[in-house]
Amino acid sequence: MSRVAQVDAFILTVPRDEPYLGALGPGETPNKRGYFVRKGNKTVYPIFDRSVVVRVITDSGVAAWGETYGIVAPKATTAIIVDLLADFVVGRDPAEASAIHDDLYSLMRVRGYTGGFYLDALAAVDIALWDAAGKVAGKPVYELLGGRKREELSGYVSGLPKPTLDERAAFAKDWLGRGFDRFKFAGAVAGEGIVEEMAKLREELGDDAQIACDMHWAHTPDQAIDAIKRMEPYDLWFAEAPIAPENVKGLAKVAKSVDTPIGAGEEWRTLFEAQLRYDVDAVKIVQPEMGHTGITEFTRISKAAHERGISILPHATVGSGIFLAASLHASFSLEGVIGHEYQHSVVERNHNLMTNRIICSNGNYQLSDAAGLGVEPTEDMLSRLELQTE
Ligand code: MG
C-alpha cells in the first residue's frame, strides 16, 4: 500500500501571442490584471493561459500531477487546496481515489460548496491521485478505469481564430487538408453572423465534413431555436450551449424544438448537475470537462449518459496538458465516446511543457501506455510553476 505524503499547489502561466478565440475585437480591452470581456458572450477571459497544477508525492517518492482551471482568481483555488484539501489527503492510499473524492466532496456540501472553485480544486487533486495510483501500480490510468475501448479517438478542430469569415474558412480548409473532418466554430466571435458562418464553412469544407456551432450561452431559448433552424439547411452537426447554462427548462425546450442534437456540459462539475439535464432530455451530446470534474466525476457523468443513449464528446480547454491527458485516459476507457475536442491553439504550442507529447494527427488522438497519465512536466514547465504556500 502507498500513502500520500505531500500535496502541493502551483500556478502555471503561459503567455499567448493572441488571446483564446482570436484577436481582441473593438472595445475588448484588457484591464490591469490581463482580463477582458468578449462582447459576443459577455464572459471574462485572460490574455494569457493559466492553470492550477497539483503535485502529490507518495511515501515511496512517486510524484504525480493534476490540473484544473486557473484562468481568473487562481489563488481562490490554490487556497482551497493548501488550506483545506491537502491535509485531508495526506495519509490516504491513492488507489482509493474515488473514495477520497467523495470524502472531500462531503466536507463542504452542507455549506453549499457543490460547484465553482471548490470542485475545481477537488478535480485537480482527484486527477493527481489517479496519476499516483497508476504510477504506483505500474499501469496506465485507462487500465485502472477498466481498460482501453479504442485504439484511437477522433479529435475535432475547435475554434477558427481569424479575424474575418474568409480567413476562418481558409483556416478550416487547411485543417481539412491535414486529415481533420470535424470542426466547431465559435459563435461569440462569428462577426459576420453564425448562420452566415455555417453556410460559408459548408460551402468550403464540402458535404462530408461535420460542422458544429458553439453558441456560447448567448441566446434566449426562442432566439436559439430560430438560429439553429436557420443553420439546419447546412447540416449542422450539433449546437453547443445555446442558452444560459442555469436555464434547464429552456434548454429542454430548445432540444425539443429543433432537429439538431444539442450539446452541453463543459461547465457542469457533478453527476447531479448532469442528471438535471438528462432527466428532461435537454442534451443528446454531453461535453464533460476534465478540469472541472476530475476523473472520478467525469466517468460517472459519462457512464450515466451512455446508459441513457446520450453521446459523450469531451470538452478540452486550455492547460499544460495534464488535464487533457486525464481526459483522454477516461475517454479511451469509456463506452459511448464519439470524439474529443482538439484545441489546436494550445496543444501543439504546449509540447515543450510535457514529456510524451499528446499527439492528434490525421484527425485522431493517440494515447501512450506509460504508467499513470503518461505525461510528466519538462524542465521548462517546472521552471514556470509558482508554488503556493497559503
Ligand atoms: Mg464551448
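Being a predicted model, the structure only gives us computed values, none of them experimental.

K.L.:
How should I be thinking about empty space enclosed by the protein in this particular structure?
P.N.:
A water-sized probe rolled over the atoms picks out the places where empty space is left. For the structure on display, the rule yields 6 cavities of 30 Å³ or more. Estimates place the volume of the largest cavity at around 140 Å³. Surrounding the largest cavity, 16 residues form its lining, Gly-319, Ser-320, Gly-321, Leu-324 and Val-347 being those nearest its centre. Contributions of two or more residues to the lining of the largest cavity are made by helix H11 (322–333) and helix H12 (344–347). For the lining of the largest cavity, a count of residues per class yields 9 nonpolar, 7 polar and no charged.

K.L.:
Help me understand the domain arrangement of the protein chain, please; the structure alone is not making it clear to me.
P.N.:
When the parts of a complex come together, some accessible area is lost, and that lost area is often used as the size of the interface. For the protein chain, the domain assignment lists domain 1 (4–138 + 380–388) and domain 2 (144–376). Just the C-alpha atoms count here: the centres of domain 1 and domain 2 sit 21 Å apart. Taken together, the contact pairs 43 residues of domain 1 with 43 residues of domain 2. Contact between domain 1 and domain 2 buries roughly 3,400 Å² in total, counting both sides, with carbon and sulfur atoms accounting for 61%. When residues of domain 1 are sorted by the area they lose upon contact with domain 2, Glu-67, Tyr-69 and Trp-130 head the list and together hold 18% of the total. The tally of links from domain 1 across to domain 2 stands at 3 salt bridges.

K.L.:
Sorry, what's going on with the coordination of the magnesium ion here?
P.N.:
Tetrahedral coordination by four donors sets the ideal angle at the metal to 109.5 degrees; octahedral coordination by six donors sets it to 90 or 180 degrees. Every protein donor of the magnesium ion is listed here as Asp-214 (OD), Glu-240 (OE) and Glu-266 (OE), and their distances to the metal cover 2.0 to 2.2 Å. For the magnesium ion, the donor residues sit on a single chain with the sequence spacing D-x25-E-x25-E. With Asp-214 in strand S8 (residues 210–214) and Glu-266 in the loop between strand S10 (262–264) and helix H9 (271–278), the pair connects residues that are 52 residues apart, well separated along the chain. Comparing Asp-214 with Glu-266 shows no difference in burial state: the two are buried.

K.L.:
Can you help me understand the sheet that holds strand S1 (residues 4–14) in this one?
P.N.:
Each strand in a sheet pairs with its neighbour through backbone hydrogen bonds, running either in the same direction (parallel) or in the opposite one (antiparallel). The strand order across the open sheet formed by 4 strands is S5-S4-S1-S16, and the pairing between neighbours is antiparallel. Strand pairing shows two members of the sheet lacking a second neighbour, strand S5 (63–69) and strand S16 (386–388), which therefore form its edges. Recorded for the sheet is a direction-independent mean angle of 30° between the axes of neighbouring strands. Across the face of the sheet, helix H3 (residues 116–137) comes into contact with S1, strand S4 (49–58) and S5 while running at roughly 155° to S5.

K.L.:
Explain the packing of H9 against helix H10 (residues 290–307) here, please?
P.N.:
When two helices pack together, their arrangement is given by the angle between the helix axes and by the axis-to-axis distance. It is the contact of H9 with H10, at a shortest axis distance of 9 Å, that shows an interaxial angle of 20°. Considered as vectors, H9 and H10 are oriented roughly parallel to each other. In this structure, the crossing between H9 and H10 has a hand that is right-handed. Between H9, through Leu-271, Ala-274 and Tyr-278, and H10, the contact on the second element is made entirely by Glu-297, Arg-300, Ile-301, Ala-304 and Ala-305. The residue inventory of the contact of H9 with H10, partitioned by class, reads 6 nonpolar, no polar and 2 charged.

So, how was this worked out
Residues numbered from 1 in each chain as written. Predicted model: local features only at pLDDT ≥ 70, side-chain atom pairs only at ≥ 80, totals over all residues. Heavy atoms only, no water. 1 Å grid on protein atoms, 1.4 Å probe; cavity = no way out; pocket = protein on both sides within 12 Å on 5 of 7 lines; lining within 4 Å. Points joined across faces, edges and corners; volume = space filled by probe spheres on them. Helix = DSSP H or I, 4+ residues; strand = E, 2+ residues; numbered from the N terminus. Nonpolar A, V, L, I, M, F, W, Y, C, P; charged D, E, K, R; others polar. Domains from an automatic or database assignment. Contact = heavy atoms within 4.5 Å. Buried area = accessible area lost by both parts, 1.4 Å probe. Salt bridge = Lys/Arg side-chain N within 4 Å of Asp/Glu carboxyl O. Donors = N, O, S within 2.8 Å, 3.2 Å for Na, K, Ca; no water. Buried < 20%, exposed > 50% of the residue type's maximum accessible area, 1.4 Å probe, protein only. Pairing = 2+ DSSP bridges. Axes fitted to C-alpha atoms, helices over the stretch in contact; angles between N-to-C directions. Parallel < 35°, antiparallel > 145°, perpendicular 65-115°, else oblique. Left-handed = near helix turned anticlockwise from the far one by under 90°.

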